[in-house]
Amino acid sequence: MAVDGQALAAGLAPGMRLADARARVPELLAQPHDPAADAALLEWLADGCDRYTPMVMAVPPHGLVLDITGCAHLFGGEAALVDDLVTRLARLGLTAWPALAATPDAALALARHQADCIDDLPIAALELPEASELALRRAGLLTIGRVARQHMPALAARFGEALPHLLARLSGAIAVPVTPRRPPAPVEVERRFAAPLTQVEAALAAIEALVVRAGLLLTERAEGGRRFDVALFRSDGHVARLVVETAAPVRDPAVLIRLLRERIGALADPIDPGFGFDLIRLMVPVTAPLAAQQLQLEGGSLADSEVGALVDRLGARLGRGRVRRLVAADSHIPEQAAFELPLGDAATGAAWTVAAPGEPPLRPVTLFDPPQIIQVIAEVPDGPPRRFRWRRQTHDVVRHEGPERIAAQWWRRADGAGLTRDYYRVEDSNGRRFWLFRHGLYGSEKPDPGWYLHGLFA
Amino acid sequence: MTGFAELAAATHFSFLRGASSPGNMVRRAVELGHHGIGIADRNTVAGVVQAHVALRELKEEQPDLRFKLAVGARLVFADGTPDIIAYPATRRGWGRLTRLLTLGNRRAEKGDCTLGFDDLAGLHDDLLLILMPPPTGPVPRLADLAALAPRRCWLAADMPRGGADRRRLARLATLAQAQGVPLLAVNAPLYAAPEQRRLHDILTCIAQKTVLAEAGRRLLANAERHLKAGAEMARLFAGQDAALHASRTILDRIDFSLDQLRYEYPHEPIPPGHSPQGWLETLTLQTARKRWPEGLPPKLQALLVEEFRIIAKAGYAPYFLTVHDIVQFAQGRGILCQGRGSAANSAVCYVLGITAVDPAKHNLLFSRFISEERKEPPDIDVDFEHERREEVMQYIYARYGRDRAAIAATVIHYRPRSAVREVGKVLGLSEDVTTRLTSTVWGSFASHMEQQRITESGFDPQAPEIARLADLVGQIMGFPRHLSQHVGGFVLTQDRLDETVPIHNAAMPDRTFIEWDKDDIDALGLMKVDVLALGMLSCIRKAFALVETHIGRQLTLDNIPDTDTAVFDMLCRGDSIGVFQVESRAQMNMLPRLRPREFYDLVIQVAIVRPGPIQGDMVHPYLRRRQGRERVEFPSPAPPHDPDELRHVLGKTLGVPLFQEQAMKLAITAANFTPSESNQLRRAMATFRNIGTMQHFEAKMVGGMVARGYDADFAQRCFNQIKGFGSYGFPESHAIAFARLVWVSSWLKHHYPAIFAAALLNSQPMGFYAPAQIVRDARDHGIAVRPVDINFSGWDNSIEGEALRLGLRQITGFREAWADAIITARPFDSVETLARHAGLPPRALRLLADADACGSLGLDRRSAAWEALRTPVGELPLFAAASARELGAEPDADLPLLTPGEQVAADYQTIRLSLKGHPMALLRGHFAGAGVLSCGEAAIARNGRRVAVAGVVLIRQRPGKGNAIFVTIEDESGVANIVIWARLFDIFRRPIMAARLMQIEGEVQRSPEGVVHIMASRIIDRSALLDRLSDTHDANPPLARADEDLQQPSRYPGGRARHPRDVRILPKSRDFH
């Protein structure tokens, strides 16, 4: 759990569990942690920092390193650059701890430990193994400065060569360069325009040309792309991005162009060329082997790829997250026993319950959520339904099995109770099969339990 | 009569599966009008005695109750066989069942039982077997079982409301018919009533190591697995009447009850050709002739004759012989031992050397030990040196064999701490919260979690999460978690023990224990011998050995002079740290008041500082009479009775009843109780259950005394005093046995203080105080104490001339083998030679350096640790011969010097004491500025003065009814005793319980004897100051020995995160409750 200033003041601390925090501050407002959103924010901030230098490195969870070598003078010097950055971040409601140093490691350490000079840094900045750090503390060497003044071979003899190396990285004797955020894609094609393109169609045509070039490169590599990023750089500095992912590796320009067009067609806010695009870049960051393919004579074996193509198209049009599949969940409560996941999500749920061979299915094919209220004639206390009325039609029950008794999840309810359900599989005089339940045990839980239709068997 | 009985009932002895106690199940079945119940837990019969006792009590209340209890076990197999419930039809069948379970237990890891169908096939006779089919699918082994036990097996069928129940029932019926096996209707309940489903879900999660939110289908879908009424069962099994009535058939065929278990003493100690009684008498008289060559004192002789008669009548001779046999073995090995408790009432035990107390000399009452009417086996408890008791235990196993001797079980129950921790985890609360919740529970033996405690730990008891936790914790409290072995209660039999009760492997190697605990054994009338461990006996033997080595004087328990004014003077000063029993704060405060001048005063001293006499308000009358401030008087009965009859009973204790025996004798003498009635009185006092019984005795005793001519008011007072005893009073015999060790240890402390301190340190853990107090006390007595040093220290603490040298054993985590290597390889001139020659691993080097044990190398702990860091591990073969220094010279590391605070904190962390200073001395500046007195200054402050003191907490104690809490704090000048009234305790509970460094404001109260207390009015937790002493070492104030039962509350969450090793709580204060 992470906390804001107000929560901190209420005695909550990062790392606490939600149940604990709720126990202490019942009126607590909690948002589930969304690491993806955090990462996206950090990337977005990094994008914004491109204005200072192309050498921007995101250091999750909350660090950014800018290599401003040779750039600072453009902003009136190092201090002015830092001021500008901090002010901009503050405008976004973010608190920043800036630090300037000769190497990325040193800058990060200074920022994290809020120190002014390397020598004052606590040894924790070395991020040593627990035992080594304790040994240094026991020796009274509490700051980097004190450690650095030791005889290096003496340190190496005790803590291994890693320690002098770490010290050297912090002090700047060894500089590890900033790694740019986007590693060069295996396949990357771009086109610059002397006169910025102000028409969307012109931009699309340019993208299509890039797709064809990329397709050729991929063919040479005997690969297909799983992801295609298009970056449209506007002359005013804004960067528009289009991303298409596919279930199977693809390099056929026709397929790609169709996917890209569908993607563009489905965009919530259409591409705005504004003052025009002066650079369009197509990157294929994820590739997979794809041999030249031949239709098999028997046919039909391409069904999988056709399903894949359908998923790709639906995904491109509707958004990938909206093409879903059902996954089993571990719960007795029928409506909680399955949930939907985006199709691409590899997460596996619990095992599906399969009726034993020769046994009828215990769960219906169609499940109503919420269950539909019905009127039922049944024996008390817990007799099966004899006749029920659903959607203004009366059904006479001719066969039934049950009850299957499923009690409430008491721990989810403030009163710790909840009603028990008695499920019956029933068949009416027309041979239709229904899944009904009585909500509440007669007498002990409810004087007059209600009935619901929860599903239909095929 | 509904004609139904549930024969597949599980209890909470099906650990983490059943959610009701055996008694609960039996009572519920009786309430429902069932005609019986079958208790069958998973591979165990641990719960059947409780069920048996519950039914016995119900039948006492309802004499015409017709209800049959079947006891058995649910056999769970490891080879795919479905569970089979086995009920012995006969005593022989019981033996088969217990042997079968023993077989599975002994084969498996501790706590498990591995059985196969073949095992059952080998031991199935006289067992009625019920096959429990799996929930779905085919039923394996049915045909095998039908062939194995024709007409003795049934197929169980249940209706769990699973949806397809009727279809399944029909299939099982067909299957049963095809095999010719009758069907039995069961519900296989896991709890008595449906409301217990929640608790059962919790238990399931604990067992599955999961939390409720994630348990899913591992929980049962509904609450149907409870005991159901006969009518409900009949409705469920409509059309299967035979299955419903099968329970009756099974119960009718069972001709076994636990009452049939008969006990036979082992025959080993009796030579062939002798009867047990004859041999006991022969042996006793032979020994007597040896010990009293000039003839047995006539009074003792008379006692022996009387005891022989009673022992013969009850047939207990083999028991005495068995205990004698064990004691003789120990004495032959030079292991100090001594009988304790009521056995010291017996002249036979005295003559045989089992006890050291002469009952003739002290007018002790044999009927306190064995009464003619009482059908309970006697109970002889013998203490052995705690470090050598294992030898005695292994002797017992060797002599009687593992199939005839085993230790009794102890049932480990859920206590507030464990319950809150485990239930809280299942509910999704973190350890952090549960630790805080339990941090204000006094002791781990509290029986319930009070709502107030929740508020005190800063939580809202109305918050749903917390309320739910409190409710479930209340339900789970007292549930068994697992079986463990009893500390030393042995059960020995002549026949195979495993035909009476299943035997388990214990966690300790070479130990086996049975499934029943002390109460079960008592309830069934089996005999047990308590082989107990006493640290003081180890200490005394070690002191004797040191005296022999260094002084050349041979001491034994019997040749210590029995009077010595200087020793009594020492005790009168309250100078008793380390002395057996009288070293607690309460005892220390009593010593100057009671002023013991002879041995019997020590007996009283031991007995008087007990909850019984304190609650019976006998302490002050006794002290007043002893100090001559109140006339000693003995009310007389009306003629013709002996006017001095009370003088005979209460003369030794100045007319105030202090011992259990006196209460009993008072009842006999002054109220005409028979000895057996007075014994019933004692038992009624000990158990609070039968309040009605106590009233009956009250009427009888007061009436009896008034009839004899005593003043009614006096009679009532006597009775009230006796009532106050409860189970807390000491029998006089026990007090005498303990007083003997008090005397021996006092004598050693006075005459050989350095040796006594070394022996105490070498026998740790034992006693009341931590090494820090023992060492401090030694230094206060002028003993020079020298630090641990690699060139001088042995493993044990030793004597160097007049001085005490601390041993390597004081270093937490050090090993004896390392110490041996060091002693062989010394002297050392560098850390490198230490590492090389002694072949020490890096961990040992680090411990030595951190413990500042390299002083003789001229290295302080920081330099030594720095040096140890670069020392290579072990000896390189190439250089083994050369043994030359391999490590090159290094420039001076110029490490920062340790501050005194760091030194002291490091000392406490590594050896739990510091010879360099007291943490409080380092903080004195802080406190002096705030007007806080030292303990020494407070001790001489004027009576009634308001003062503030501060110190590290040594002991927290909440005795008896808990009206007051006693806290002892220590600083560099001494100790101060704080009294906190319960009213204040409610306000300051957290600081009182959690503070390691406590500041107290209060009023000085000085007793006429000079005992000073500070009556607290305000308590402040100053523990945070301790953390300031050192950044690198935890200065948890260390000072008294940890009470294993009481965990110190963890630090307040949100503090600096530390590595577990660093955070380890150092020796804590010792808390009693």
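Parameters at a glance
Residues numbered from 1 in each chain as written. Chains lettered and ligands numbered in written order. Predicted model: local features only at pLDDT ≥ 70, side-chain atom pairs only at ≥ 80, totals over all residues. Helix = DSSP H or I, 4+ residues; strand = E, 2+ residues; numbered from the N terminus. Rg over C-alpha atoms; globule rule 2.2 N^0.38 Å. Pairing = 2+ DSSP bridges. Axes fitted to C-alpha atoms, helices over the stretch in contact; angles between N-to-C directions. Expected span 1.5 Å × (residues − 1). Contact = placed C-beta atoms within 7 Å. Parallel < 35°, antiparallel > 145°, perpendicular 65-115°, else oblique. Left-handed = near helix turned anticlockwise from the far one by under 90°. Nonpolar A, V, L, I, M, F, W, Y, C, P; charged D, E, K, R; others polar. pLDDT = per-residue confidence, 0-100. Core = buried A, V, L, I, M, F, W, Y, C linked by C-beta atoms within 7 Å. Buried ≥ 20, exposed ≤ 12 C-beta atoms within 10 Å, placed from the backbone.

So, the overall build of chain A
Summing up its helical and strand segments, chain A has twelve helices and 14 strands in all. Relative to a compact globule of 458 residues, whose C-alpha radius of gyration would be 23 Å, chain A shows 32 Å and is clearly more extended. Along the longest, intermediate and shortest principal axes, the C-alpha atoms of chain A span 90 × 65 × 45 Å.

Side note on the sheet that holds strand S8 (residues 337–340) of chain B
All names here are of chain B. Pairing is mixed across the open sheet formed by seven strands, whose spatial order is S8-S9-S14-S11-S10-S13-S12. Of all the strands in the sheet, the pair left with one neighbour each is S8 and strand S12 (503–505). Strand-to-strand, the axes of this sheet are offset by a mean angle of 45°, without reference to chain direction. With three bridges connecting them, S12 and strand S13 (residues 512–517) associate as antiparallel partners.

Considering helix H22 (residues 535–550) of chain B
The α-helix winds at 3.6 residues per turn, so residues separated by three or four positions along the chain end up facing the same way. All names here are of chain B. The end-to-end C-alpha distance of H22, which contains 16 residues, comes to 23 Å, matching closely the 22 Å that a straight helix rising 1.5 Å per residue would cover. Where H22 is buried, its residues touch S8, strand S9 (381–385), strand S14 (528–534), helix H33 (732–751), helix H34 (753–762) and strand S16 (798–800). Remark: Gly552 follows H22 within two positions and exhibits a positive phi of approximately 80°.

Looking at the pairing of strand S10 (residues 385–390) of chain A
Residue and element names in this part refer to chain A. As judged from the four bridges shared by strand S9 (residues 366–378) and S10, these two strands associate in the antiparallel manner. Following the sheet pairing, Val376 is matched in S10 by Phe388. What sits between S9 and S10 in their antiparallel hairpin is a turn of six residues. Two elements, S10 and strand S11 (residues 393–406), share four bridges in a ladder whose sense is antiparallel. Along S11, the bridge assignment pairs Trp390 with Gln393.

What about the packing of helix H24 (residues 585–594) of chain B against helix H25 (residues 599–608) of chain B?
Residue and element names in this part refer to chain B. Contact geometry of H24 with H25 gives a least axis separation of 10 Å together with a crossing angle of 140°. In terms of orientation, H24 and H25 fall into the oblique class. As for how H24 packs across H25, the hand of that crossing is right-handed. Residues Met590, Leu591 and Leu594 of H24 form the contact with H25, whose own contacting residues are Asp601, Ile604, Gln605 and Ile608. Split into classes, the residues belonging to the contact of H24 with H25 amount to five nonpolar, one polar and one charged.

Section: the confidence of the model for chain A
Averaged over all residues, the pLDDT of chain A is 81; the fraction at 70 or higher stands at 91%. Residue range residues 295–302 of chain A is modelled with pLDDT below 50. Its contacts to residues more than four positions away, or to other chains, number one contact.

Overview of the nonpolar core
Among the nonpolar cores identified, the biggest contains 345 residues, and B:Ile130, B:Leu155, B:Leu184, B:Ala543 and B:Ile969 are the most heavily contacted of them. Every residue in contact with B:Leu184, bar those within four places of it in the chain, is listed here: B:Leu7, B:Ile130, B:Trp154, B:Leu155, B:Ala156, B:Ala157, B:Ala243, B:Ala246 and B:Ser247. Core analysis: the second largest hydrophobic core is formed by 22 residues, A:Leu218, A:Val230, A:Val284 and A:Ala316 among them.

Details of the sheet that holds strand S13 (residues 433–439) of chain A
Residues and elements named next belong to chain A. The strand order S9-S10-S11-S12-S13-S14 describes a closed barrel built from six strands, whose pairing is antiparallel. Here the strands of the sheet are splayed against their neighbours by 45° on average, with no regard to which way each runs. Strand direction decides the pairing type here: S11 and strand S12 (residues 421–428), joined by seven bridges, are antiparallel. By the bridge assignment for S12, Glu401 is matched with Arg425.

Digging into the interface of chain B and chain A
Counting residues at the interface gives 42 residues for chain B and 38 residues for chain A. Of all the secondary-structure elements, those providing two or more residues to the side of chain B that touches chain A are helix H7 (197–208), helix H18 (431–438), helix H20 (464–476) and helix H39 (861–870) of chain B. No other element matches the five residues that H39(B) contributes to the side of chain B that touches chain A. Looking at the side of chain B that touches chain A residue by residue, the classes come out as 18 nonpolar, eleven polar and 13 charged.

Re unusual backbone geometry
At the junction of A:Asp369 and A:Pro370, the peptide bond is cis and its omega measures out at 5° in the coordinates. Within the secondary structure layout, A:Pro370 lies in strand S9. That bond from A:Gly402 to A:Pro403 is cis: its omega, 5°, falls within 30 degrees of zero. Note that A:Pro403 resides in strand S11. At A:Glu127, a position not held by glycine, the phi torsion is positive, near 50°. For A:Glu127, the position within the fold is in the loop between helix H5 (104–113) and helix H6 (130–138). Judged by C-beta crowding, with 10 C-beta atoms within 10 Å, A:Glu127 ranks as exposed. The backbone of B:Leu654 shows a phi angle near 55°, a positive value even though the residue is not glycine. The residue B:Leu654 is located in the loop between helix H28 (645–650) and helix H29 (660–671) in this model.

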